[in-house]
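# Breakdown of the fold
Below are the chains, spelled out letter by letter.
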Amino acid sequence: MLINRLLAALPDTIIKQNMPLSPMCTLKVGGEAEIFTAPASIEDMRILFELVMREGCPFYVLGGGSNVLFPDGLIKGVVISTMNLHKTEWRTNLTVDVDAGVKLPALMKDIRERGLAGMEFAAGIPGTVGGAIAGNAGAGGHGVCELADYVLTAEPDGTVRTWNSNDIDYSYRKCSLSDGRRVILSARMTFRTANPKDEEVLASYLLRRGTQPHGLSNAGCTFKNPEGSSAGKLLDECGCKGISVGDAVVSDIHANFILNRGSAAASDVLELIRICAGRVYDSTGIRLEPEIKIFSPGFCV
Ligand code: EPU
């Protein structure tokens, strides 16, 4: 059995059965992972991924859990968490190697303390470096992928591949490395010396973030902005604010946020996503694409 092979090959790595995932996701919904793993090192991740792929087992990579939705019930396959890949090594005054599990706010703090700048647009974005690269997280027309000199990934054949920035295809909330066939291990990023203007830019990003809902569990923006328009504005115009299914409710402050009032199930959130996308489609003909990564087989809006 896969679990026994994993336990034998990776004595330092956390490997558990029937692990509840909702505490690890900011929306606080979702069922249990049949197998949950959190590799203790990049090398363990490489070995684990090869074993999982050799078995042909479905896998899901979990970063900071701030942009994901797992279904209720038992999630078949392996959930691979990057939470134990948290090394940060500065190579020069400007260049750093960061593991996939490093939290973006921690990296932000580090670069500011070093008098560096270049990722102000990412101020207030939660989650991890790996998740941010996978989804090219960002704001104001910028995305985290633009900061990477190169990215290392674990490949299905057990190798580690280096992707130079030229080999990575990225655009608004998209990254070619996030194709379900590899795991992002780490990235090299280069920043620049900060100037006083950077603090102003950072403050303006934080200000915009400050107008978004906080307090109740959520997973950030539900839908991507369609070309030339704003998902939040469209949802608002279609009267989505305040709509609820069970304990899942559309925020009154920003219509592109779904909040968990306490005991929402993943099925409630999925139904709410369908209703909201349906409203926008019916009145505008625009098909909103979820930004939240939905690990639910066959789900479509
Ligand atoms: N708006 C409404 N009603 C709403 C929400 C928004 O009319 O309910 C209007 C706003 O007034 C504004 C426009 O829609 O005129 C755009 O809204 P906002 O400035 O909040 O930006 P956004 O496009 O909704 C994007 C990112 C956010 C990021 C902000 C700020 C996407 C899908 N969202 O939001 O990222 O924080 O810009 O930089 O690209 C996320 O990725 O999870 C996320 C929240």
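Going by the structure above, here's the rest.
Structural notes, computed from the coordinates. Computed from a predicted structure; not experimentally measured. (Residues numbered from 1 in each chain as written. Predicted model: local features only at pLDDT ≥ 70, side-chain atom pairs only at ≥ 80, totals over all residues. Heavy atoms only, no water.)

Next up on the list: the site of the ligand. Around the ligand there are 20 residues in total, and Tyr172, Arg208, Gln212, Cys221 and Asn225 lie nearest to it. Asn225 places a side-chain nitrogen or oxygen 2.7 Å from an oxygen atom of the ligand. Separating an oxygen atom of the ligand from a side-chain N or O atom of Ser230 is a distance of 3.1 Å. Coverage of the ligand by the protein chains reaches 77% of its 820 Å² of free accessible surface. Residue assignment for the shell around the ligand shows that the elements contributing at least two residues are helix 5 (196-210), strand 17 (217-221) and helix 6 (231-237). Broken down by element, the shell around the ligand gets its largest block of residues, three residues, from helix 6. Residue composition of the shell around the ligand, by class: six nonpolar, seven polar and seven charged. (Near = heavy atom within 4 Å. Polar contact = N/O pair within 3.5 Å; in protein donor to acceptor, adjacent residues only side chain to side chain. Areas by Shrake-Rupley, 256 points an atom, 1.4 Å probe, with all protein chains shown as cover. Helix = DSSP H or I, 4+ residues; strand = E, 2+ residues; numbered from the N terminus. Nonpolar A, V, L, I, M, F, W, Y, C, P; charged D, E, K, R; others polar.)

The subject of this paragraph is the packing of aromatic side chains. Considering all chains together, one arrives at five aromatic pairs under this definition. Each ring, one from Phe49 and one from Phe59, has its centre 5.0 Å from the other, and the planes form 80°; the classification is edge-to-face. With Phe49 in helix 2 (residues 42-55) and Phe59 in strand 3 (residues 59-62), the pair connects residues that are 10 residues apart, well separated along the chain. Each member of the pair, Phe49 as well as Phe59, is classed as buried. Summarising the aromatic geometry, the rings of Trp90 and Phe191 are spaced 6.5 Å apart at their centres and angled 50° between planes, so their arrangement reads as tilted. One end of the pair, Trp90, is in strand 6 (residues 88-90); the other, Phe191, is in the loop between strand 15 (183-190) and strand 16 (192-193), with 101 residues separating them in the sequence. Relative accessible area serves as the criterion here: at 19%, Trp90 is assigned to the buried category. Feature note: the residues Tyr60, Phe70 and Phe295 constitute an aromatic cluster, connected by ring pairs. Here the basic side chain of Arg161 rests over the ring of Trp163, its NZ or CZ set 3.8 Å away from the ring centre. The lysine or arginine in question, Arg287, covers the ring of Tyr281, its NZ or CZ lying 4.0 Å from the ring centre. (Phe/Tyr/Trp six-rings, centres within 6.5 Å; stacked < 30°, edge-to-face > 60°. Buried < 20%, exposed > 50% of the residue type's maximum accessible area, 1.4 Å probe, protein only. Lys NZ or Arg CZ within 6 Å of the ring centre and 35° of its normal.)

Membership of the largest hydrophobic core comes to 34 residues, with the highest contact counts inside it found for Leu107, Met119, Ile133, Met189 and Phe191. Those elements that place two or more of their residues in this core are strand 7 (95-99), helix 3 (104-113), helix 4 (129-134), strand 11 (148-154), strand 15 and helix 5. Leu27, Leu270, Leu272 and Ala277 belong to the second largest nonpolar core, which has 29 residues in total. (Core = buried A, V, L, I, M, F, W, Y, C linked by side-chain atoms within 4.5 Å.)

Everything listed is a geometric property; what it means functionally is a separate question.
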